[in-house]
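Letter by letter, the chains look like this.
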Amino acid sequence: MRQVLSFIPQRFGSVLTIFCLFTMASGAWLGMMDLILQHPGYARREWIAGLIVGQAAVTLAALYLRKPGWLRPLALAGCLAIVALALRALVGVITGANFEGYILLISLALLAQAGLTLLILLGRGRRMVRRAEVPR
């Protein structure tokens, strides 16, 4: 398992970047549409859109900054919120009266982003720990 996790960060970092950019753009679009349309309950949906954009930004920062520090644990913890949000939206789309294809796509992208974030950042953490243990 350790070998697989050490392989993933090098190979799938660009895939995670693409998912993060897609979900960031999707969250910004959702937020903009809610601001323009202002349907009842739009303020709550603005928080959701902000969560989507924020999690993508934190993940990208943890992925590309040399010393991510507290961003790495924050990105890993944020995956739980993103997974919960995506699963709730996915169930709502599947069981709801109105099928919204864009919500289905965004939900699936959020699940993929969360899974890749966990694999990549956990793999990087193990690799960093191994480097620290090697005597010089």
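Placed above this text is the structure.
Everything numeric here is computed off the predicted structure, so don't read it as measured data. (Residues numbered from 1 in each chain as written. Predicted model: local features only at pLDDT ≥ 70, side-chain atom pairs only at ≥ 80, totals over all residues. Heavy atoms only, no water.)

What follows deals with unusual backbone geometry. If you check the backbone angles, Gln38 has positive phi at about 50 degrees while not being a glycine. Its place among the elements puts Gln38 in the loop between helix H1 (2–37) and helix H2 (42–64). By relative accessible area, Gln38 is classed as partly exposed at 45%. (Helix = DSSP H or I, 4+ residues; strand = E, 2+ residues; numbered from the N terminus. Buried < 20%, exposed > 50% of the residue type's maximum accessible area, 1.4 Å probe, protein only.)

Tracing the chain through its elements places Gln55 in helix H2. Among all residues touching Gln55, those that are not within four sequence positions of it are Leu74, Ala75, Gly78, Cys79, Ile82 and Gln113. (Contact = heavy atoms within 4.5 Å.)

For any two helices packed against each other, the geometry is given by the interaxial angle and the distance between the axes. In contact at an axis separation of 9 Å, H2 and helix H3 (residues 71–95) are set at 140 degrees when each is read in the N-to-C sense. In this view, H2 runs oblique relative to H3, as classed from their interaxial angle. Once H2 is placed against H3, the crossing between them reads as left-handed. Here H2 contributes Arg44, Ile48, Leu51, Ile52, Gln55, Val58, Thr59, Ala61 and Ala62 to the contact with H3, which in turn contributes Leu71, Arg72, Leu74, Ala75, Gly78, Cys79, Ala81, Ile82, Leu85 and Arg88. Residue composition of the contact of H2 with H3, grouped by class: 13 nonpolar, 3 polar and 3 charged. (Axes fitted to C-alpha atoms, helices over the stretch in contact; angles between N-to-C directions. Parallel < 35°, antiparallel > 145°, perpendicular 65-115°, else oblique. Left-handed = near helix turned anticlockwise from the far one by under 90°. Nonpolar A, V, L, I, M, F, W, Y, C, P; charged D, E, K, R; others polar.)

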